[in-house]
Amino acid sequence: MYIEMTVFNGTDADSPHLEICQLYGLRYNNYGFCVIETNHKNHDYVIPMDEENYTRLELTIKSYIVKGAQFIHLEAPIYRMKIGGVAFNQDKAKKEWKISALK
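Reference entry: report on the structure contained in this document. (Residues numbered from 1 in each chain as written. Predicted model: local features only at pLDDT ≥ 70, side-chain atom pairs only at ≥ 80, totals over all residues. Heavy atoms only, no water.)

1. A look at the overall build of the protein chain
For step 1, the next point in the chain: Within the protein chain, the secondary structure is distributed over one helix and six strands.
For step 2, the next point in the chain: Helices (α) and strands (β) of the protein chain occur, in sequence order from the N terminus, as β-β-β-β-α-β-β.
For step 3, the next point in the chain: Taking all 103 residues of the protein chain together, the buried fraction comes to 39%.
For step 4, the next point in the chain: Sequence-distant contacts, at least 24 apart, represent 55% of the contacts inside the protein chain between residues at least 6 apart.
For step 5, the next point in the chain: On the protein chain, roughly 6200 Å² of surface is accessible, and the fraction owed to carbon and sulfur atoms is 50%. (Helix = DSSP H or I, 4+ residues; strand = E, 2+ residues; numbered from the N terminus. Buried < 20%, exposed > 50% of the residue type's maximum accessible area, 1.4 Å probe, protein only. Contact = heavy atoms within 4.5 Å. Areas by Shrake-Rupley, 256 points an atom, 1.4 Å probe, with all protein chains shown as cover.)

2. A look at the pattern of salt bridges
For step 1, the next point in the chain: Following the criterion strictly, the structure yields three salt bridges and no others.
For step 2, the next point in the chain: For Glu 19, the salt bridge goes to Arg 80, with nearest N and O atoms at 2.5 Å. With Glu 19 in strand β2 (residues 17–28) and Arg 80 in strand β5 (residues 71–82), this pair connects stretches of sequence that are 61 residues apart.
For step 3, the next point in the chain: The salt bridge involving Arg 27 is made with Asp 44; its shortest N-O contact spans 3.9 Å. Of this pair, Arg 27 sits in strand β2 while Asp 44 sits in strand β4 (residues 43–48), placing them 17 residues apart in sequence.
For step 4, the next point in the chain: Owing to a relative accessible area of 36%, Arg 27 belongs among the partly exposed residues under this scheme. (Salt bridge = Lys/Arg side-chain N within 4 Å of Asp/Glu carboxyl O.)

As structure tokens, this is what we get:
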């Protein structure tokens, strides 16, 4: 499955850019971020969100996989971070996201 998203480099909110990657998986970390794992070897993508929103996102992506979607578009405050890097502090509870899928 491929994922399309507009991302920010680190905490630089002035230079978002579009990326399309292979989606390998996602997880929720102890700092209040959804971590999106892709085919990129040196970095992951993080989205500030609470556990309830993470669960909704996870279930939505699962439903798209079951339906055979090969491409998803995710709109959220997404940040590219080095693997193993320290996440920055964000107000995770008020962040919104939207997702859509194409077959």
